[in-house]
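Structural characterization, general
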Amino acid sequence: DQQVKQNSPSLSVQEGRISILNCDYTNSMFDYFLWYKKYPAEGPTFLISISSIKDKNEDGRFTVFLNKSAKHLSLHIVPSQPGDSAVYFCAASSRDSGGYQKVTFGIGTKLQVIP
Amino acid sequence: DARVTQTPRHKVTEMGQEVTMRCQPILGHNTVFWYRQTMMQGLELLAYFRNRAPLDDSGMPKDRFSAEMPDATLATLKIQPSEPRDSAVYFCASVLSSLNTGELFFGEGSRLTVL
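Residues numbered from 1 in each chain as written. Chains lettered and ligands numbered in written order. Predicted model: local features only at pLDDT ≥ 70, side-chain atom pairs only at ≥ 80, totals over all residues. Heavy atoms only, no water.

The interface of chain B with chain A comprises 23 residues on the first partner and 20 residues on the second. Of the roughly 1800 Å² buried at the junction of chain B and chain A (both faces included), carbon and sulfur atoms supply 56%. Its largest share of buried area at the contact with chain A, chain B owes to Leu43, Thr101 and Phe106 of chain B, together 27% of the area lost on that side. Taken together, chain B and chain A are joined by one salt bridge. Taking the shortest distance from any N to any O, the salt bridge between Lys102 of chain A and Asp56 of chain B comes out at 2.8 Å. For the pair chain B and chain A, the interface holds six residue pairs in polar contact (both at pLDDT 80 or more). Listing elements by their share of the side of chain B that touches chain A, those giving two or more residues are β4 (31–38), β5 (42–50) and β6 (53–56) of chain B. In terms of residue count, the dominant contributor to the side of chain B that touches chain A is β5 of chain B (five residues). (Contact = heavy atoms within 4.5 Å. Buried area = accessible area lost by both parts, 1.4 Å probe. Salt bridge = Lys/Arg side-chain N within 4 Å of Asp/Glu carboxyl O. Polar contact = N/O pair within 3.5 Å; in protein donor to acceptor, adjacent residues only side chain to side chain. Helix = DSSP H or I, 4+ residues; strand = E, 2+ residues; numbered from the N terminus.)

Set out below in structure tokens:
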């Protein structure tokens, strides 16, 4: 049962254009949503997050949008750069029985930015 | 240099052999997660510990996988006996639970190949 779904396994974008990565979720108890970036042979690294009480969070070229009614979030990268080529994981966290955060990940979307 | 350290980085073994993967979390982090990355499931949560106590290992095949934290600086994931379907990249991540909004710090992973 995939609670965090990334339906696009891959995406190709021209350098300088906008990249939009999408993610859907099913669990309404998630209270934070995150994006992680992963290069080959490295571990995932945190990129940006958004609280469930917000609808937008921006950090430089990266913006995450949250639509709670649709249970959908997206990551926008503007402008896209070749160094952004990586696998992007959508993730969501919820509180476990001890009140601490437990993180669930999607399957990832491989972004290729073409120079 | 605060980072999560995982060993071995690569392991090739034959079916039926025991495999042990090790993780040194970031000093001071009290929560440790084990994830497995596969093409079909993305990053699957196998188990996690808080203050060395196992909290949830429902993602692990119980008959062959075991996870422990002998002390605060070492987490282990053991597979016995290993099977070809266990071939994947295994990631360890750590965080200080009181600050956790879902931002985890990952190691570089242990790539396991079972022949």
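Here the narrative resumes.
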